[in-house]
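Each chain, written out:
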2 protein chains.
Amino acid sequence: MIRHFRIGSPIETESVVRQVAVEETEPGRIQEKLAQAVPGTKVLAADKALSFALGDGDIVYGLGETVRGMNKRGWLYQSNCSDDPYHLEEKHSLYAAQNFLLVTSKERSYGLYVDTPGLVTFDIGYTKQGEMRIALEDFDAELYLVTGEDCREIVREFRELIGPSYIPPKWAFGFGQSRWSYMTEDEVREVADRYQEAGVPLDSIYLDIDYMERYKDFTVDPEKFPEFSDFVREMKERGIHLIPIIDAGVKIEEGYPVYEEGKEKGYFCKKEDGTDLVAAVWPGRVHFPDFLRPEVREWFGNWYSFLLDQGIDGFWNDMNEPAIFYTEDHLNEVFEQIEDYKGKNLDIQSFFEFKGLVGTLDNNPEDYRRFYHDCHGKKVRHDKVHNLFGYNMTRAAGEAFERLSPDKKILMFSRSSYIGMHRYGGIWTGDNRSWWSHILLNLQQLPALNMCGFLYSGADTGGFSADCTEDLAMRWLGVSLFTPLFRNHAAMGTRRQEFYQFERTQDFRRLIELRYALVPYLYSEFRKAAEKNGMYIEPLLFAYPQDERARGIEDQVLVGESIMIAPVYVQNAAGRYVYLPEEMKLLRFRGWDDYDEEELGAGDHYVPARLNEVLVFLRKGKCLPLAKPAMHVSELREEEIRYLTYGDAAPEYTFYEE
Amino acid sequence: MIRHFRIGSPIETESVVRQVAVEETEPGRIQEKLAQAVPGTKVLAADKALSFALGDGDIVYGLGETVRGMNKRGWLYQSNCSDDPYHLEEKHSLYAAQNFLLVTSKERSYGLYVDTPGLVTFDIGYTKQGEMRIALEDFDAELYLVTGEDCREIVREFRELIGPSYIPPKWAFGFGQSRWSYMTEDEVREVADRYQEAGVPLDSIYLDIDYMERYKDFTVDPEKFPEFSDFVREMKERGIHLIPIIDAGVKIEEGYPVYEEGKEKGYFCKKEDGTDLVAAVWPGRVHFPDFLRPEVREWFGNWYSFLLDQGIDGFWNDMNEPAIFYTEDHLNEVFEQIEDYKGKNLDIQSFFEFKGLVGTLDNNPEDYRRFYHDCHGKKVRHDKVHNLFGYNMTRAAGEAFERLSPDKKILMFSRSSYIGMHRYGGIWTGDNRSWWSHILLNLQQLPALNMCGFLYSGADTGGFSADCTEDLAMRWLGVSLFTPLFRNHAAMGTRRQEFYQFERTQDFRRLIELRYALVPYLYSEFRKAAEKNGMYIEPLLFAYPQDERARGIEDQVLVGESIMIAPVYVQNAAGRYVYLPEEMKLLRFRGWDDYDEEELGAGDHYVPARLNEVLVFLRKGKCLPLAKPAMHVSELREEEIRYLTYGDAAPEYTFYEE
């Protein structure tokens, strides 16, 4: 059941699609009703906060893309979409704002959606272990309390509220290779050639910012890609989709049509004085389209046809928190302030002040207060609706694809997001790093994303920043083989990490073949989750809510109805511990047709796993279909399916067709 | 057995105390001899490198204070003492340069000490999984190959080579509270009072940089500490030692006697033109004493008497990599270069260049090439002997204490270090962070430090930077109760983390009492390790070399002869897995006199551990003595020892007295 309370006068986010009547708006009465449903709840209007009691047995799930474990207890999170390339345990915000929480004990569970586009602080047992305090910058929010029999029902109810999740084309379940950047046609061809030579399946190659002409959206550099549409066709004939990046900022350049049109039509975000904000990202100075306006979304969305018309059928939207290197106004202030530090003895105080002047230029909180949106006809300062920006950029694309390409699914995923955007695209989890701890973070983010409606998702396999090692890349497959988005991506200046760069390319090939063998299952389970508002990747607790040990497991997840995975995420480890809530069949895969089978009883096991081995556990009474791998998703044939079963499961499975 | 080879003409580091004749100096013949001992070894003179073959079963231990796991395979490490407050898996260097490696398989083991004061790169299976490549910036090094029956013998041989480890006063095994900074006498008193009120034992309070007058070494701010020696006495009467910090840089200030003396005597490091280098740290502009000169060490060491004479009996030496905020010359260059960026459209290229100008001011590699040492009478550029700087600062103190305080042990530990410094002081592991992953890093660094001679060591409990939570602080005790240095320390601007700041102070009290109950055992085991050149904290492999599973364990260690510890280092975890190489008795401690006992068989176990429970495993046939706790180490009484035993162990134990 969903109950709807309204605090203050929240700005409409359009994240919810099902209308639920507002039950109460007066804080005192909201408290009364909430406390009846969730004893101990307080509405602290003076603190602009809500307070919930946490019992010893309570687990708090949710918040989508955040740091730390699945259970969010013991930290402070802030919904404040942030371009931050260091996903450290001490961070409070990443790229997304996904304000749905699921609190569960063995006795009762409830969901909570705090729908408000500004800053929200979730102190989940950080200040006091027994209290969850949700503080709003402005005391305005739509509050939805979701109750149900169990976690699955609560998630289903919530997902019905926010509408259906984005479903990508099936080929987007294939493997994609990316790097910042493959600079030319020939560099892209080399990637395709080398994967082909190694016999590794591949469905897409990504184009990062350098394919554009001086980082201008909806341009292609004619020096690097002289005949782009021919090249797109050439690659597609080889079974490979090219997926260009689109950035949120529009370069300020006379004669550049996107800039000229936006300027002429008044589509860019404005400062208080009514002039267009000058911010900067890759190309230097840019304007930001005001994506919160429907007519701006329509205009920007139409520009995707520049690439669609050349055969492109997939995109990733980036820098849409929005990332800001600097604003022109702030940069000028900093240059002036720097003068004060010249010729002085810079000590602990003044040196760090000076360093901070320049060090805090990018993504400076003050800059988000320097510009405005036209929001349902009202002028609203950006920080008040900050978390809607990336959402509406991607919505612009999603709405356009429905108009421009009604018969063909287009791949779309975004870096920044807010709940509601899950209807228009997926996300990748941003600029992670080549860290072992990020394999686990990747795994732990997925169920939280699913709860919030974001099903099409994945991390940069091998890590984006920092240098990848062969063993890290291979162990990462223990997760990535099962994520809907499976992409290897890395930053400029880092060690090359395409799988053919390492010594054991054939081990990688065998494991990526396993991915392709799994695609019919993964795609079907994904579709099932999307269409039934279920989870694609689940914590064990969802399936075994009364199993105390299963409730605490944070490094194993269920993928669809048949399997559990347990990646190895520690360097030099020869295996790992696994907890089985019930007996399962271990499938230790080295390749789709090369694996050990072992029936394991319920309980704890140490399971050896060599570097080229991926651990899958088949659930009792379930069936796992495996296709014969192919070089591209489109070549997978269902007549060539093998069925692995455990217990009394029949060797059959109902596939979802695209 | 130790064999000594010499490559090129290395600068003498004085890290070795036992003379071993040089067996060979010609690269070709060194290769021949090395390859006889360790098949596959190559001397690659053209690459200034040595190459060793790594077999699948090889584990590589050592390198002291570095990131990542105990087994260093799969990463690239650089010996380059660095002031870096982000101890991330991607880092190559921390504060120390400890160039000893121990390579071990079930078949054979060997140690390797690369004694050279400049940059050394250890590519340990990073580029190729089967190769360890050690590259020198200059092809000059004393190379020691250490062979023996097992890891313990190899470590013992190596430690005999480098001389006896520093032994601190026994009170330094008590608990110490620190913060950057307790600003005044009253703030220090409050810490003492509140711990006393809570009944928590405490032996020391640390004074960070603000006790000084404008960050000048060997001064005390008379506003904050008007009668310092009286205050030191007052605290000592309460059983509390005050431990001030000393920094490497000497403030440039007319009339400040340390500066004036150093200037007059020519004791500061000089630039190529012969003038004193002007660098900057906390006070702004400073000079660096040339600690490589014996007369400078004597002079600087004598200055410690300024504080010794006021009753101080412990110090920590900081910023001695040396940390450099900027050099005057470089800062001036940067101010000039900034001009070029004004009024321009700063794009991806120019913006990051501009940001980098200021962002790379501190600890800039170029600055380490701007000054010189007088090294055994030769002018040597700093970067060539960089790793000896902190070592010799602490040596200055250690040599002084032998002169100034021959009858009384003085506590001394340092941030930066090189092998050799272990004879003069301990180390703390620098500016870690309030991260769960740093509990494990802390544990994993300890055996490597022990191998290199650094026995007195510990991490900032609760984490230095970032905000600590109650559960993090409590779980950290699972390691810190057993480290010789047990200190809670935190940075300015972070959440207060003295144990009385949290809700469950009495749980902390009970666990710190356990520490005090353990002190007679821990101190005795420490002394044993120091005097017999053994390990105080050991990897399981050392004790169970033929147990394949034990060889791979990286999150359990042996502490002394009787116990194994296994900390919980995952937030919200209700327990952890433990591998027992043989049957052991679990002691699940909530306090020194409140614990569960359970005999567990060899093999794998999931062991529950509530937040206030610390897991100790008593080895078969061994005895663990527990004293009745006291508020200070000096009050512990051996007549009040209880003996926990397992198997046929007698309830007796040979204590080392101070």
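A quick note: this is a predicted structure, and the numbers were derived from the prediction, not measured. (Residues numbered from 1 in each chain as written. Chains lettered and ligands numbered in written order. Predicted model: local features only at pLDDT ≥ 70, side-chain atom pairs only at ≥ 80, totals over all residues. Heavy atoms only, no water.)

A. Spatial organisation of the packing of aromatic side chains. Residue and element names in this part refer to chain B. Taken as a whole and judged by the stated rule, the model has 107 aromatic pairs over all chains. Across the ring face of Y86, the terminal group of R433 is positioned such that the distance to the ring centre comes to 3.9 Å. Over the aromatic face of W428 sits the side chain of R487, whose NZ or CZ is 5.3 Å from the ring centroid. (Phe/Tyr/Trp six-rings, centres within 6.5 Å; stacked < 30°, edge-to-face > 60°. Lys NZ or Arg CZ within 6 Å of the ring centre and 35° of its normal.)

B. Structural detail: the environment of V146(B). Residues and elements named next belong to chain B. Its location among the elements puts V146 in strand β12 (residues 141-147). What makes V146 buried here is its relative accessible area of 0%. Separated by 144 residues in sequence, V146 and I2 have C-alpha atoms that sit 4.6 Å apart. Apart from residues no more than four positions distant in its own chain, V146 is found in contact with M1, I2, F100, Y110, G111, I154, E157 and F158. (Helix = DSSP H or I, 4+ residues; strand = E, 2+ residues; numbered from the N terminus. Buried < 20%, exposed > 50% of the residue type's maximum accessible area, 1.4 Å probe, protein only. Contact = heavy atoms within 4.5 Å.)

C. Expanded view of the interface of chain B and chain A. Each partner contributes residues to the interface: chain B has 67 residues there, and chain A has 67 residues. Between chain B and chain A, a total of about 5600 Å² is buried, with carbon and sulfur atoms accounting for 54% of that surface. Three residues stand out in chain B for area buried against chain A, namely F335(B), I348(B) and Y577(B), and they jointly supply 12% of the buried area on that side. Put simply, chain B and chain A have 6 salt bridges between them. The salt bridge involving E90(A) is made with R433(B); its shortest N-O contact spans 2.6 Å. Here chain B is connected to chain A by 40 residue pairs in polar contact (both at pLDDT 80 or more). Within the residue set of the side of chain B that touches chain A, elements represented by two or more residues are β17 (279-281), β18 (284-287), α8 (328-338), α9 (348-359), α12 (470-480), β32 (575-580) and β35 (603-608) of chain B. The leading source of residues in the side of chain B that touches chain A is α9(B), at 7 residues. (Buried area = accessible area lost by both parts, 1.4 Å probe. Salt bridge = Lys/Arg side-chain N within 4 Å of Asp/Glu carboxyl O. Polar contact = N/O pair within 3.5 Å; in protein donor to acceptor, adjacent residues only side chain to side chain.)

D. Highlighting unusual backbone geometry. Of note, the bond from E321(A) into P322(A) is cis; its omega dihedral lies within 30 degrees of zero at -5°. In the segment running from W180(B) into S181(B), the intervening peptide bond is cis, with an omega of -5°. Positionally, S181(B) belongs in the loop between β13 (175-177) and α3 (185-198). Phi at E14(A) takes a positive value of approximately 60°, unusual for a residue other than glycine. With respect to the helices and strands, E14(A) occurs in the loop between β1 (2-7) and β2 (22-24). For E14(A), a relative accessible area of 27% translates into the label partly exposed. A positive phi angle, near 55°, is found at N363(B), a position not held by glycine. Among the secondary structure elements, N363(B) is positioned in the loop between α9 and β21 (372-375).

E. A look at the relation of the copies chain B and chain A. Aligned on chain A, chain B shows an RMSD of 0.0 Å; the corresponding rotation is 180° and the shift along the axis is 0.0 Å. Considering both components of the superposition, the chain copies are consistent with a two-fold axis. A shared interface surface links the copies, since 100% of the contact residues of chain B are contact residues in chain A too. (Least-squares fit on C-alpha atoms with pLDDT ≥ 70 in both.)

Geometric descriptors of this kind do not, in isolation, establish any biological role.
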